[in-house]
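# Coordinates in review
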Amino acid sequence: MNKTFNSDLCSKCGNCALNCVMGLIEMKDFPEMPGPEAFCNQCGHCEAICPSGAINLDGLAKGDYMDNSERTLIAPEQLGFHMKFRRSIRNYDRKPVEKEKLEEIFDMVRYAPSAGNGQPLEWTVFTDPEKIKEIAGNVVEWMRDMVNQKSPLNEMIPFSPMVEAWDNGMDPILRDAPCLVVAHAPEYNKMAVTDGVIALTHLDLALPSFGMGGCWAGLLNIACNQHHPLKEMMEIPPENAMIYPFMIGYPKYEYQRIPGRNEPNIVWK
Ligand SMILES: Cc1cc2nc3c(=O)[nH]c(=O)nc-3n(C[C@H](O)[C@H](O)[C@H](O)COP(=O)(O)O)c2cc1C
């Protein structure tokens with residue numbers, strides 16, 4: 001990766017040096033990177049913050065250039081409403097989720113922060129209802145085995161009623177969602193779990209703007225942690241650890257109001 005400083009354009013404001021996460025840029029007559037480039041995590045902040053466009057990082061996928069004057073801030077009331085109105089969706093319309101829309105959403109999600117700008121996430125997206133049913137069915141088979149076992153999980157999850165619901169044609173695991181996405185990352189990257197949860201939270205928050213909604217697939221996640229064939233069935237690469245599965249679809253019902261929540265528990269110092 002090459003970072004070039006264009007001295008003709010540089011106004012010597014020093015913003016690039018002040019905003020470099022690793023403190024790699026020194027402001028002399030012009031910005032310079034005297035240390036080893038290997039420490040640069042390629043976050044692109046120097047290029048993005050430069051008022052005169054004097055910094056160019058090649059080797060990076062170009063981010064979208066946005067003139068500050070074109071930027072529209074979301075008003076706090078609008079954002080607050082959007083965040084509070086987001087719900088976990090458990091009943092989906094049969095309408096399939098369009099690949100183009102998912103691509104648009106993942107284009108936003110890839111901007112979620114990641115430790116050291118590592119961007120370690122890989123995604124597997126299922127849109128075949130038969131395959132999603134097969135995955136849910138496999139979780140139910142694991143639950144069937146769990147019903148008579150002495151496990152602390154039996155106190156947390158109502159296995160029997162869930163198996164019964166499945167046998168009666170319902171899907172309490174993946175809620176007949178038309179789409180299932182799974183975030184995974186190389187097993188050796190111990191920071192990737194946090195990165196994955198952050199990215200999934202961005203995804204969750206992006207969905208309502210597309211008329212969609214989703215739900216963290218916690219039951220599938222627990223089953224995957226206990227029951228190894230599921231990871232193979234979902235074709236997660238063996239060298240990767242699953243971070244979390246998430247259901248997506250068009251909500252069948254519309255929420256009419258925002259439910260209550262606890263007051264924030266904060267200690268002010
Ligand atoms: C990590 C996690 C796992 C979850 N797993 C499930 C699940 O397996 N099935 C389900 O119906 N809801 C699941 N949920 C949704 C929660 O029940 C939901 O977030 C909570 O009831 C609050 O509702 P809200 O998201 O609409 O505000 C999960 C949520 C999280 C954050």
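Just so it is clear, the structure is predicted and the values come from calculations on it, not from any experiment.

## Some points on the overall build of the chain
Each helix and strand in the chain was counted, giving 10 helices and 8 strands. In terms of its C-alpha atoms, the chain occupies a principal-axis envelope of roughly 75 × 45 × 45 Å. Burial statistics for the chain: of 269 residues in total, 36% are counted as buried. Nonlocal contacts in the chain, meaning residues at least 24 apart in sequence, comprise 77% of its contacts between residues at least 6 apart.

## A closer look at the nonpolar core
Core analysis: the largest hydrophobic core is formed by 34 residues, its most contacted members being Ile135, Met143, Leu174, Leu220 and Met234. Secondary structure elements with two or more residues in this core: helix 5 (129–146), helix 7 (159–167), strand 6 (179–186), helix 9 (218–226), helix 10 (229–233) and strand 8 (240–249). For this core, the leading source of residues is helix 5, giving 8 residues. Excluding residues that lie within four positions of it along the chain, Ile135 makes contacts with Phe126, Leu174, Leu180, Leu220, Leu230, Met233 and Met234.

## What about the site of the ligand?
Close to the ligand lie Arg86, Arg87, Ser88, Arg90, Cys215, Trp216, Ala217, Gly218, Leu219, Tyr244 and Arg261, which account for all nearby residues. Side-chain polar atom of Arg90 to an oxygen atom of the ligand: 2.5 Å apart, as the coordinates give it. Between the ligand and Trp216 there is a distance of 3.0 Å, counted from a nitrogen atom to a backbone nitrogen or oxygen. For the ligand, whose unbound accessible area comes to 620 Å², protein coverage reaches 63%. Broken down by secondary-structure element, the contributors of at least two residues to the shell around the ligand are strand 7 (213–216) and helix 9. Within the shell around the ligand, the residues separate by chemical class into 5 nonpolar, 2 polar and 4 charged.

## Describing the domain arrangement of the chain
Looking at the assigned domains, one finds that the chain contains domain 1 (2–68) and domain 2 (77–249). In this structure, domain 1 and domain 2 have C-alpha centres spaced 38 Å apart.

## Some thoughts on unusual backbone geometry
The residue Asn117 is not glycine, and still its phi comes out positive at about 55°. Within the secondary structure, Asn117 sits in the loop between helix 4 (99–109) and strand 5 (122–126). You can call Asn117 partly exposed: its relative accessible area is 22%. Phi at Arg175 takes a positive value of approximately 50°, unusual for a residue other than glycine. Its place among the elements puts Arg175 in the loop between helix 7 and strand 6.

## Notes on the packing of helix 5 against helix 9
The contact between helix 5 and helix 9 brings their axes to 10 Å, and the two run at 65°. For the pair helix 5 and helix 9, the sense of crossing is left-handed. Of the residues in helix 9, those touching helix 5 at Ile135, Val139, Trp142 and Met143 are Leu219, Leu220, Ile222, Ala223 and Gln226. Counted by class, the contact of helix 5 with helix 9 contains 8 nonpolar, 1 polar and no charged residues.

## Regarding the packing of aromatic side chains
Tallied over the full model, the rule gives 5 aromatic pairs. Measuring from ring centre to ring centre gives 4.9 Å for Phe81 and Phe85, while their planes differ by 15°; the resulting arrangement is stacked. Here the residue Phe81 and the residue Phe85 both occupy positions in helix 3 (residues 76–85), the gap between them amounting to 4 residues, near one helical turn. Chaining the aromatic ring pairs together yields one cluster made of Trp216, Tyr244 and Phe246. In this arrangement the basic side chain of Lys12 is found over the ring face of Phe30, its NZ or CZ atom lying 5.0 Å from the centre. Lying over the aromatic face of Tyr250, Lys95 brings its terminal NZ or CZ to 4.0 Å of the ring centre.

Calculation notes
- In this convention, every chain numbers its residues from 1, walking through the sequence in written order.
- With pLDDT at 70 or above as the cut-off, local features in this predicted model cover only qualifying residues; side-chain atom pairs require 80 or more to be listed or tallied, and sums for whole chains, interfaces and linings still use all residues.
- To get the side-chain values, all heavy atoms of the structure are used, and hydrogens and water are removed first.
- For helices the rule is a DSSP run of H or I covering at least 4 residues; for strands it is a run of E covering at least 2, with both sets numbered from the N terminus onward.
- Three exposure classes are used, based on accessible area relative to the maximum for each residue type with a 1.4 Å probe and protein chains only: buried under 20%, partly exposed in between, and exposed over 50%.
- The contact criterion used is simple: two residues touch if any of their non-hydrogen atoms lie within 4.5 Å.
- Residues belong to a common nonpolar core when they are buried Ala, Val, Leu, Ile, Met, Phe, Trp, Tyr or Cys residues joined through side-chain atoms within 4.5 Å.
- Residues are classed as near a molecule or strand on a simple rule: at least one heavy atom within 4 Å of it.
- Polar contacts, as used here, are pairs of N or O atoms within 3.5 Å; protein pairs need one atom able to donate a hydrogen and one able to accept it. Residues neighboring in sequence count only if both atoms are side-chain atoms.
- Residue exposure ignores everything except the shown protein chains as possible cover, and the areas themselves are Shrake-Rupley values with a 1.4 Å probe.
- As a working rule, the residues Ala, Val, Leu, Ile, Met, Phe, Trp, Tyr, Cys and Pro are called nonpolar, Asp, Glu, Lys and Arg charged, and the rest polar, with Gly in that last group.
- Each domain span listed reflects an automatic or database assignment of domains.
- Each axis is a line fitted through C-alpha atoms, taken for helices only over the stretch in contact, and angles between the N-to-C directions span 0 to 180 degrees.
- Two helices that cross are described as forming a left-handed crossing if the nearer one is turned anticlockwise from the farther one by less than a right angle, and a right-handed crossing if clockwise.
- Pairing of aromatic side chains requires ring centres within 6.5 Å, counting the rings of Phe and Tyr and the six-membered ring of Trp. Pairs whose planes differ by under 30 degrees are stacked, by over 60 edge-to-face, and all others tilted.
- Consider the ring centre and the ring normal. A charge sits over the ring if Lys NZ or Arg CZ is within 6 Å of that centre and within 35 degrees of that normal.

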